[in-house]
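The residues making up each chain are set out below.
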Amino acid sequence: MKRVILLIATNIAVMVVLSIVASLLGLNRYMTGNGLNLGTLLGFAAVMGFGGAFISLMLSKTMAKWSTGARVIETPSNDTERWLVHTVQKLASRANLPMPEVAVYEGEPNAFATGPSKSNSLVAVSTGLLASMTEEEVEAVLAHEVAHIQNGDMVTLTLIQGVVNTFVFFLARVVGYLVDNFLRRNDEESSGPGIGYMVTVIVCEIVFGILASAIVMYFSRQREFRADAGAATLLGGARPMVNALRRLGGVAAGDLPQNMAASGISGGRGGLMALFSSHPSIEERIGALEHGR
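The structure displayed is predicted, hence computed values, not measured ones.

1. Quick word on the overall build of the protein chain
Step number 1: Secondary structure assignment for the protein chain yields 11 helices and 4 strands.
Step number 2: Every one of the 293 residues in the protein chain was classed for burial, and the buried ones make up 49%.
Step number 3: A fraction of 71% describes how many contacts in the protein chain between residues 6 or more apart in sequence connect residues 24 or more apart.
Step number 4: Only carbon and sulfur atoms are counted for the fraction: they give 62% of the accessible area of the protein chain, which is about 13,700 Å².

Laid out in structure tokens, this is it:
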């Protein structure tokens, strides 16, 4: 629950900060002073929505290393590290990918893949995952992460986030303009956005941001199914991935930092919170693999 709340809050906070910046720069007054220019507003919203999403993508590897304390294996220092690098290299070759960076970080069982492109990516596993799984199961997890890179999931989710951010930004200002005009309908001397506009925009960004998070998380769950299927293809069968998921279902998966939550191997929720979960439940993922969906 805490991770879900933080995920929603982070996305909303980004939009609110962008709104404050727009207000300080006078852009809100420029767009609404003589009537709302929807074309200009949509273009501005796209720049703000996609700009933030792509900045996050460009910084994804750096932020992942910093937030998890992941140590990239430059030169393997033991048999486990040599096996990790060799296994990722083998899987990347099967997926026709350049070799990703391989890293290890301290923590409970989890793993993630990130990076701005297929040629500039990172695969990281936790010490807890290495300690709690067999080599076959760890290889399945690594195959899942390599499949994320092969599918271009980091870029895909960034584009989806950019689209929903754009419409949150756009719709919040359209509603804010309408509410502001209604509140000041008898005030002919005022021009530009008033307090009604500012308050309505912030409230709408919070409400629309929650709805947008549900949309983004839906697509995130779909990419997990595809990555599981991709791992099965790379490994020549679904059984290793099924075994790895069953193992994950029996251990307490470690929470990743908030900016990495959607990148981990596990993290599914049940009930209403499933709408805001970046991962399907373990049971759903196993069922999809076993039935070839």
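2. Points about the nonpolar core
Step number 1: Core analysis: the largest hydrophobic core is formed by 35 residues, its most contacted members being L84, V125, L129, M133, L142 and L245.
Step number 2: Of all elements in the fold, only α5 (79-94), β2 (101-105), β3 (111-117), β4 (120-126), α7 (135-150), α9 (195-235), α10 (239-249) and α11 (282-290) reach the threshold of two or more residues within this core.
Step number 3: It is α7 that contributes the most residues to this core, 7 residues altogether.
Step number 4: Formed by 8 residues, the second largest nonpolar core is a distinct cluster that contains A70, A103, L122 and A124.

3. A few points about the pattern of salt bridges
Step number 1: If you walk through the whole model with that rule in mind, you get 12 salt bridges.
Step number 2: Across the pair D79 and R82 runs a salt bridge, and its minimum N-O distance is 2.7 Å. Highlighted residues: D79 and R82, both in helix α5, separated by 3 residues, approximately one helical turn.
Step number 3: Classification of D79 as exposed rests on a relative accessible area of 59%.
Step number 4: Owing to a relative accessible area of 42%, R82 belongs among the partly exposed residues under this scheme.
Step number 5: Between R246 and E290 there is a salt bridge; the shortest N-O distance is 2.9 Å. Linking R246 in helix α10 with E290 in helix α11, this pair joins segments that are 44 residues apart in sequence.
Step number 6: What makes R246 partly exposed here is its relative accessible area of 45%.

4. Observations regarding the UniProt feature "binding site: Zn(2+)" (unreviewed entry) in the protein chain
Step number 1: As annotated by UniProt and renumbered to match this structure, "binding site: Zn(2+)" (unreviewed entry) occupies H144, H148 and E224. Their sequence span is 81 residues, while the largest C-alpha to C-alpha distance among them is just 8.5 Å; these annotated residues converge on one region.
Step number 2: Within the secondary structure layout, H148 lies in helix α7.
Step number 3: Beyond its immediate chain neighbours, meaning those up to four positions away, H148 contacts A113, D153, M154, R223, E224 and A227.

5. Some points on the UniProt feature "transmembrane region" (unreviewed entry) in the protein chain
Step number 1: Under the local residue numbering, the UniProt record ascribes the feature "transmembrane region" (unreviewed entry) to residues 5-26, 38-59, 154-175 and 195-219.
Step number 2: Here residues 38-59 runs as 95% helix and 0% strand, with 31 Å between its end C-alpha atoms.
Step number 3: The span residues 154-175 shows a helical share of 100% and a strand share of 0%, and its end C-alpha atoms are spaced 32 Å apart.

6. Notes on the packing of α5 against α7
Step number 1: For the pair α5 and α7, interaxial distance at closest approach is 10 Å and the crossing angle is 45°. What the angle tells us is that α5 and α7 run oblique. With respect to the hand of their crossing, α5 and α7 are arranged in right-handed fashion. Along the contact surface, α5 presents W83, L84, T87, V88, K90, L91 and A92, while α7 presents E135, V138, E139, L142, A143 and V146.
Step number 2: Taken together, the residues of the contact of α5 with α7 break down into 9 nonpolar, 1 polar and 3 charged.

About the criteria used
In every chain, residue numbers begin from 1 and rise along the written sequence. Residues qualify for local features only when their pLDDT is at least 70, as the model is predicted, and side-chain atom pairs are given and counted only at 80 or more; totals for whole chains, interfaces and linings, by contrast, use all residues. Only hydrogens and water are set aside when side-chain values are computed; all heavy atoms of the structure are taken into account. A helix here means a DSSP run of H or I that spans at least four residues, while a strand means a run of E at least two residues long, and both kinds are numbered starting from the N terminus. Three exposure classes are used, based on accessible area relative to the maximum for each residue type with a 1.4 Å probe and protein chains only: buried under 20%, partly exposed in between, and exposed over 50%. Contacts are assigned to residue pairs with any non-hydrogen atoms lying within 4.5 Å of each other. In short, Shrake-Rupley with a 1.4 Å probe defines the accessible areas, and a residue's cover is counted only from the protein chains shown. Nonpolar cores are built from buried Ala, Val, Leu, Ile, Met, Phe, Trp, Tyr and Cys residues. Side-chain atoms within 4.5 Å join them into one set. Think of a salt bridge as a Lys or Arg side-chain nitrogen and an Asp or Glu carboxyl oxygen that are within 4 Å of each other. UniProt positions are given in the numbering used here, feature names are shortened, and annotations may be inferred rather than shown by experiment. Between the N-to-C directions of two axes lies an angle of 0 to 180 degrees, each axis being a line fitted to C-alpha atoms and, for a helix, fitted only over the stretch in contact. An angle counts as roughly parallel when it lies under 35 degrees, as roughly antiparallel when it exceeds 145, as roughly perpendicular when it falls between 65 and 115, and as oblique in every other case. Helix crossings are classified by the rotation of the near helix relative to the far one: an anticlockwise turn of less than a right angle makes the crossing left-handed, while a clockwise turn makes it right-handed. Residues are grouped as follows: nonpolar covers Ala, Val, Leu, Ile, Met, Phe, Trp, Tyr, Cys and Pro; charged covers Asp, Glu, Lys and Arg; every other residue, Gly included, is treated as polar.

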